[in-house]
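# Breakdown of the fold
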Amino acid sequence: MSDNRASDMAAITAVLEGVYKAWDAGDADAFVADYTQDATAILPGSHRLSREEIRQSMAAGFATFLKGTTTTNRQLGTRFLGRDGAIVVSETGILFPGESEVPADRVTYATWVLEKRDGDWLVAGYHNSPANAAG
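Residue positions within a chain follow its written sequence, with the count starting from 1. Residue-level local features of this predicted model are given only where pLDDT is at least 70; pairs of side-chain atoms are given and counted only at 80 or more, and the full residue set underlies all totals for whole chains, interfaces and linings. Note that the side-chain values use all heavy atoms of the structure and ignore hydrogens as well as water.

### Concerning the pairing of strand S6 (residues 120–130)
Formally: In this description, strands pair whenever DSSP reports at least two bridges between them. Think of it this way: any DSSP run of H or I at least four residues long counts as a helix, any run of E at least two long counts as a strand, and we number them from the N terminus.
Pairing of strand S1 (residues 35–43) with S6 involves 4 bridges; the strand directions are parallel. Looking at S6, one finds that Tyr35 is bridged to Val123. Where strand S5 (residues 107–117) and S6 come together, 10 bridges link them in antiparallel fashion. When the sheet's bridge partners are listed, Thr111 is paired in S6 with His127. Hairpin connection from S5 to S6: 2 residues lie between these consecutive antiparallel strands, with Asp118 at a positive phi of about 50°.

See below:
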């Protein structure tokens, strides 16, 4: 990996770690701080069409059913698309208060699409799917 790609990898990892840290803090504003304005998120049953929609959805979740949750996250791979694009695949799960392990039926695989804009890596798209989906 070139030095440039190593620094890009470090920057991308920092962006994702910031998202995870914001989730663990229940902070919707920090959660989307490194999202593009036109970011999209697709989760089972929902399609969010902007950073603001994602922020509002996370704020509502953190105030109710996601209150006090944390996440487990593991990057499975990163693929660069030219100089300014990357796809990261990860495995993630939500831990509810009192849990020490994510049940298998709540583990998901996620695809993160990141774009380098003005020297900064930002989340442009996110999609997740249950890891144990029949298929």
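### Side note on the pattern of salt bridges
We count it as follows: What counts as a salt bridge is simple: a side-chain nitrogen of Lys or Arg found within 4 Å of a carboxyl oxygen of Asp or Glu. Type-normalised accessible area, obtained with a 1.4 Å probe on protein chains alone, sets the label of each residue: buried when under 20%, exposed when over 50%, and partly exposed for intermediate values.
All chains considered together, the criterion is met by 8 salt bridges. We note a salt bridge from Arg5 to Asp8, for which the minimum N-O separation is 2.8 Å. Separated by 3 residues within a single helix, Arg5 and Asp8 lie in helix H1 (residues 3–25), roughly one turn from each other. Here Arg5 matches Asp8 in class, with each residue buried. Residues Arg55 and Glu52 are paired through a salt bridge, measuring 2.8 Å at the closest nitrogen-oxygen approach. Residue Arg55 and its partner Glu52 are both found in helix H3 (residues 51–63); the two are separated by 3 residues, about one turn of the helix.

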